[in-house]
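# Structural description and commentary
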Amino acid sequence: MKKFALVIDCGASSVRAAAVDERGRIIQVEARPNAAVRQSPGSAWLVWDIEDIWKKMLLCASALVCRAGGERFAALALTSFSDDGAPFDRNGKMLYPVISWQCARTAAIAESIGKRIDPRLLFQITGEQPLHQHALFRLLWLREHEPRVMERMRRYLMFPGIINRRLTGETVNDPTTADSMMLMDIRARAYSPRLTGLCGLDESHFPPLIAPGTVIGALLPGVARAIGLKHSLPVIAAGHDTQFAVYGSGCVPGGACLSSGTWEIIFTRSTRPLTSAAAQRGGIKNECDAEPGMYNSGTQWIGGGVLEWLRARLGRKNPAALLRECTRLSPGCGGIAALPSLIPGPGSPAAADGSVLG
């Protein structure tokens, strides 16, 4: 009997569970829609509803197990978006909602980070551009606006770490999502004591980094029962969905991979990150590849997120029809650009509530 891996993927627009065979082929998929929610009625702040996402994960996984047969699954792994995380107290209670990367509350802190740390040093160590969604800016924001949360914080978990803790009871982060914290030395694949010190943060608040492909622990019995399994599974560390898209594409060192989803991201795989002054000026970002010793260097812009935003504004229910209309337009669309209510990247002219330019 062929065995499958149960892969759960939490994206910005959908939560999915897939049965993947030993050759990496996707055999079956179950999906539910996903979206960030307002932190409170009327608020512009956006967060992820962890309880709702967890429920959707269990529903997708249980439907998949029911269709494929629980005895066929040999392991479980989770991928998700990067950037987002949350603080936890000593008892494992989440102290503040998971702020979505779509929320611009930390934009002013990101823009002023050069007053705290030399931007050149920050880029050389982390390989990241100072975008508002990085955990460093979330932590500085919490210190300013929610000091009691920071006083009680004992661990800061990135999004896969939050879900993996529910799956296994273990508290870990992984380098493919922790690299987006802007607190990690990308070459060492470890937290940077220099940066945590400069920012007044305690390195002990960040859990161990476990390499992709490593067993985190066993699936908790209650979770196994909830998804219809009669036995536990080893839960394998994965991480940032984009890094696993690059790795899973078969992209060789020196090659490039274009990942199209909510974001349009192009990365090259290389044995060293691009951290020159020219790379910094050009908006290049670097992330840890799924394979130790490799790096992904490139740039990104909102991709499918623009289409979703535009479709909602036009009231179109059929995305395929909208795409057909797009194909009738000449490349460049005569200079018109639609930008969603997100901050897509360095130098973006997007307004906070979205804009149509040109």
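Residues numbered from 1 in each chain as written. Predicted model: local features only at pLDDT ≥ 70, side-chain atom pairs only at ≥ 80, totals over all residues. Heavy atoms only, no water.

## Points about the packing of aromatic side chains
As enumerated under the stated definition, the model contains 7 aromatic pairs in all. An angle of 50 degrees between the planes, with centres 4.8 Å apart, marks the rings of Phe81 and Phe159 as tilted. One end of the pair, Phe81, is in the loop between β6 (73–80) and β7 (85–88); the other, Phe159, is in helix α6 (residues 159–168), and 78 residues separate them in sequence. Using a relative accessible area of 5% as the deciding quantity, one classes Phe81 as buried. By the ring-pair criterion, three or more aromatic residues cluster together here, those being Trp45, Tyr96 and Trp141. Residue placement shows Arg105 over the ring face of Trp141; its charged tip is 5.0 Å from the ring centre. (Phe/Tyr/Trp six-rings, centres within 6.5 Å; stacked < 30°, edge-to-face > 60°. Helix = DSSP H or I, 4+ residues; strand = E, 2+ residues; numbered from the N terminus. Buried < 20%, exposed > 50% of the residue type's maximum accessible area, 1.4 Å probe, protein only. Lys NZ or Arg CZ within 6 Å of the ring centre and 35° of its normal.)

## A look at the confidence of the model for the chain
Here the chain averages 91 in pLDDT, while 96% of its residues score no lower than 70. Low confidence marks residues 343–351, where pLDDT is under 50. Its contacts with residues over four positions away, or in another chain, come to 23 contacts. (pLDDT = per-residue confidence, 0-100. Contact = heavy atoms within 4.5 Å.)

## Some words on unusual backbone geometry
Of note, the phi angle at Asp83 is positive, near 75 degrees, even though the residue is not glycine. Its location among the elements puts Asp83 in the loop between β6 and β7. Even without being glycine, Cys333 reaches a positive phi, approximately 55 degrees. Summarising the element assignment, Cys333 is placed in the loop between α13 (319–326) and β18 (337–339).

## Here we look at the pairing of β6
Remember that side chains alternate between the two faces of the sheet whenever the strand is regular. Most of β6 sits inside the fold, with 7 of its 8 residues counted as buried. Here 7 bridges tie strand β1 (residues 4–10) to β6, and the two strands are oriented parallel to one another. Along β6, the bridge assignment pairs Cys10 with Ser80. Here β6 pairs with strand β13 (residues 234–240) via 4 bridges, running parallel. Paired with Leu76 across the strands is Val235, a residue of β13. (Pairing = 2+ DSSP bridges.)

## Focus on the sheet that holds strand β8 (residues 98–99)
Pairing is antiparallel across the open sheet formed by 3 strands, whose spatial order is β4-β5-β8. The sheet terminates laterally at β4 (37–38) and β8, the two strands that pair on one side only. Inspection of the sheet shows β4 paired to strand β5 (residues 46–48) by 2 bridges, in the antiparallel sense. By the bridge assignment for β5, Val37 is matched with Val47.

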